[in-house]
Amino acid sequence: NDSELDENLEYNGTEAWDSIGHMGMIASLEEEFDIMMETDDIIDFSSYKKGIEILQKYGVDFNL
C-alpha cells in the first residue's frame, strides 16, 4: 500500500535502499508491471517521487 511509504524516501536514505537493494527493487518493479526500464531511468530512479515519474513514463498508472 503506497500510503504506507515515505514519499520523501531517497536512494541511500535507508539501509535497505543501497545499490544491491536498488537493483532488486528495479527487477521487482519491472516484473510486476511487465516493463523493461532503460539504463538511464534505472540510474535516475533516485527517490520515491522520481520513481513515480519514471514508472508513469512506462504507462504505469497510479491514480494519484
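Now for a description of the structure that goes with this document. This structure is a prediction, so every number in the text was calculated from the model and none was measured.

### Topic: the nonpolar core
Okay, step 1: By size, the foremost hydrophobic cluster in this structure holds ten residues: Trp-17, Ile-26, Leu-29, Ile-35, Met-37, Ile-42, Phe-45, Ile-54, Leu-55 and Val-60.
Okay, step 2: Taken together, the elements giving at least two residues each to this core come down to helix H1 (19–33) and helix H3 (48–57).
Okay, step 3: For Ile-26, the contacting residues outside a window of four places in its chain are Met-37, Ile-42 and Phe-45.

### What about the packing of aromatic side chains?
Okay, step 1: In this structure the tally under the stated criterion is two aromatic pairs.
Okay, step 2: Look at Tyr-11 and Trp-17: their rings are 6.2 Å apart centre to centre, the planes differ by 85°, and that puts the pair in the edge-to-face class.
Okay, step 3: Ring geometry for Phe-33 and Phe-62: centres 6.4 Å apart, planes at 70°, overall edge-to-face. Here Phe-62 lies in the segment after H3 and Phe-33 lies in helix H1, a separation of 29 residues in the sequence.

### With respect to the environment of Met-37
Okay, step 1: You can see Met-37 is positioned in the loop between H1 and helix H2 (39–44).
Okay, step 2: Looking at Met-37, the relative accessible area reads 5%, which means it is buried.
Okay, step 3: Along the backbone, Met-37 and Gly-51 are 14 residues apart, and their C-alpha atoms lie at a distance of 11 Å.
Okay, step 4: Once residues lying within four places of it in the same chain are set aside, the contact partners of Met-37 are Ile-26, Leu-29, Glu-30, Ile-42, Phe-45, Ile-54, Leu-55 and Tyr-58.

### Structural notes on the pattern of salt bridges
Okay, step 1: The final tally for this structure, using the stated rule, is two salt bridges.
Okay, step 2: Note that Glu-53 is salt-bridged to Lys-50, the shortest N-O span being 3.0 Å. Within this pair, Glu-53 and its partner Lys-50 are both found in helix H3, separated by three residues, close to a single helical turn.
Okay, step 3: On the basis of relative accessible area, Lys-50 is assigned to the partly exposed category, the value being 28%.

### Considerations on the side chain of Glu-30
Okay, step 1: Turning to its location among the elements, Glu-30 is positioned in helix H1.
Okay, step 2: Of the buried charged residues, Glu-30 lacks a salt bridge, with Lys-57 as the closest side chain of opposite charge at 11 Å.

Conventions adopted
Within any chain, residue numbers begin from 1 and follow the written order of that chain's sequence. The model is predicted, so local features are restricted to residues of pLDDT at least 70 and side-chain atom pairs to those at 80 or more, both for listing and for counting; the totals for chains, interfaces and linings are taken over all residues. Excluding hydrogens and water, the side-chain figures rest on all heavy atoms present in the structure. Among the buried residues, those of types Ala, Val, Leu, Ile, Met, Phe, Trp, Tyr and Cys that are joined through side-chain atoms within 4.5 Å form a nonpolar core. The buried label goes to any residue with under 20% of its type's maximum accessible area, the exposed label to any with over 50%, and the partly exposed label to all in between, with areas taken from a 1.4 Å probe on protein chains only. The numbering of helices and of strands both runs from the N terminus, where a helix is a DSSP run of H or I of at least 4 residues and a strand a run of E of at least 2. Working rule for contacts: check all heavy atoms of both residues, and any pair within 4.5 Å makes them a contact. What counts as a ring pair is set by centres within 6.5 Å for rings of Phe, Tyr and Trp (its six-membered ring), and what kind of pair is set by the plane angle: stacked under 30 degrees, edge-to-face over 60, tilted for all other angles. When a carboxyl oxygen of Asp or Glu lies within 4 Å of a side-chain nitrogen of Lys or Arg, that pair is called a salt bridge. Only four residue types enter the tally: Lys and Arg on the positive side, Asp and Glu on the negative side, with His and both chain ends excluded.

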